[in-house]
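# Architecture and fold: a report
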Amino acid sequence: RLEFIASIGITMLSALFSFIITFPFLLGVLKWFWSVTNGSNAHLSEIFYFFQSGRLYKKAFSFSLTLYLRVLLIALVCFLPYIVAKILTSPTLYILLNRPTPIFISGLFNMVDIFQGLGIISVAVLNVAHLIFPAVLFIYPELSVLKIVKRAKAISHVEPLKLISFVFSFTGWFLLC
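Below is a summary of the structure that appears in this document. (Residues numbered from 1 in each chain as written. Predicted model: local features only at pLDDT ≥ 70, side-chain atom pairs only at ≥ 80, totals over all residues. Heavy atoms only, no water.)

## What to know about unusual backbone geometry
Within the chain, N98 stands out as a residue other than glycine whose phi angle is a positive 60°. By secondary structure assignment, the location of N98 is in the loop between helix 3 (91-96) and helix 4 (108-127). The class of N98 is exposed, set by a relative accessible area of 70%. (Helix = DSSP H or I, 4+ residues; strand = E, 2+ residues; numbered from the N terminus. Buried < 20%, exposed > 50% of the residue type's maximum accessible area, 1.4 Å probe, protein only.)

## Section: the nonpolar core
Counting 15 residues, the largest nonpolar core has L27, F50, F63, F133, L137 and I148 as the members making the most contacts within it. Going through the elements one at a time, helix 2 (54-88), helix 5 (133-139) and helix 6 (145-158) are the ones with two or more residues in this core. The contacts of F63, once residues within four sequence positions are left out, are L27, F133, P134, L137, V145 and I148. With 7 residues, the next largest nonpolar core counts I74, Y82, A85 and V123 among its residues. (Core = buried A, V, L, I, M, F, W, Y, C linked by side-chain atoms within 4.5 Å. Contact = heavy atoms within 4.5 Å.)

## As for the layout of surface pockets
In this structure, the largest pocket spans a volume of roughly 960 Å³. Lining the largest pocket are 29 residues, and of these L30, H130, L131, I132 and P134 sit closest to its centre. Those elements giving two or more residues to the lining of the largest pocket turn out to be helix 1 (2-37), helix 2, helix 4, helix 5, helix 7 (160-168) and helix 8 (171-176). At 6 residues, the largest contribution of residues to the lining of the largest pocket is made by helix 1. (1 Å grid on protein atoms, 1.4 Å probe; cavity = no way out; pocket = protein on both sides within 12 Å on 5 of 7 lines; lining within 4 Å. Points joined across faces, edges and corners; volume = space filled by probe spheres on them.)

## Re the pattern of salt bridges
In this structure the tally under the stated criterion is 1 salt bridge. Among the salt bridges present, the one from E46 reaches K31, with a minimum N-O distance of 3.6 Å. Of the two residues, E46 sits in the loop between helix 1 and helix 2 while K31 sits in helix 1, which places them 15 residues apart along the sequence. Residues E46 and K31 agree in their burial class; the two are buried. (Salt bridge = Lys/Arg side-chain N within 4 Å of Asp/Glu carboxyl O.)

## Considerations on the packing of helix 1 against helix 2
The packing of two helices is summarised by the inter-axis angle and the distance between the axes. Helix 2 packs onto helix 1 with a crossing angle of 100° between their chain directions and a minimal axis gap of 9 Å. Classified by the interaxial angle, the pair formed by helix 1 and helix 2 is roughly perpendicular. Contact residues: F19, I20, F23, P24 and L27 in helix 1; Y57, A60, F61, F63, S64, L65 and Y68 in helix 2. Partitioned by chemical class, the residues of the contact of helix 1 with helix 2 number 11 nonpolar, 1 polar and no charged. (Axes fitted to C-alpha atoms, helices over the stretch in contact; angles between N-to-C directions. Parallel < 35°, antiparallel > 145°, perpendicular 65-115°, else oblique. Nonpolar A, V, L, I, M, F, W, Y, C, P; charged D, E, K, R; others polar.)

## A few points about the packing of aromatic side chains
Scanning the model with the defined rule gives 7 aromatic pairs in all. Ring geometry for W34 against F138: centres 6.3 Å apart, planes inclined by 55°, an arrangement best described as tilted. A residue pair is termed long-range when its members are at least 10 positions apart, and W34 in helix 1 and F138 in helix 5 qualify at 104 residues. Plain terms: the ring middles of Y57 and F61 are 6.4 Å apart, the flat faces sit at 20° to each other, and that makes the pair stacked. Of this pair, Y57 and F61 both sit in helix 2, 4 residues apart, roughly one helical turn. Overall, Y57 belongs to the partly exposed group, its relative accessible area being 23%. Under the relative-accessibility criterion, F61 is labelled partly exposed at 30%. Through pairs of rings, three or more aromatic residues link up here, namely F51, Y57 and F61. It is K31 that lies over the ring of Y49; its NZ or CZ is 4.8 Å from the centre. Here the guanidinium or amino end of R151 rests over the ring plane of Y140, the centre of that ring lying 4.4 Å away. (Phe/Tyr/Trp six-rings, centres within 6.5 Å; stacked < 30°, edge-to-face > 60°. Lys NZ or Arg CZ within 6 Å of the ring centre and 35° of its normal.)

Shown next as structure tokens:
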């Protein structure tokens with residue numbers, strides 16, 4: 001029991017570390033790449049950009065938290081049919097309810113895999129719009145996090161095919177890795 005509690009504590013500490021240190025650092029790395037690819041002579045110290053002041057750190061932290069919660073909400077909505085079908089087809093549910101498994105549930109066994117595949121595809125497609133969020137943060141650093149999200153959504157809704165084709169242009173790199 002103590003090992004279980006310790007493992008939960010370690011998991012929570014690592015998640016907290018991820019939000020406190022890793023996300024602002026990764027945003028700094030993205031900002032440095034953004035500067036270098038735009039032709040600026042960016043110094044490597046720019047990867048620590050969001051650690052320079054409390055205001056910048058707070059913005060990076062709230063931006064990361066907002067992005068994380070948006071992705072989590074999209075994933076929950078997209079995987080909801082899978083979760084429901086998985087629960088309904090679980091023999092454990094009917095053992096706990098002390099009931100026999102209904103006959104119509106047997107048709108759901110194949111649907112679980114279909115719902116899982118549809119969930120994965122829909123999460124991937126819906127999260128493509130989030131790829132532009134850091135760029136909007138770097139272009140408009142004076143905007144609040146909510147305004148950055150609104151601006152990024154507006155940009156991604158204007159030309160979604162260009163955004164999707166941009167993502168698919170990296171397919172070769174993904175295959176090489």
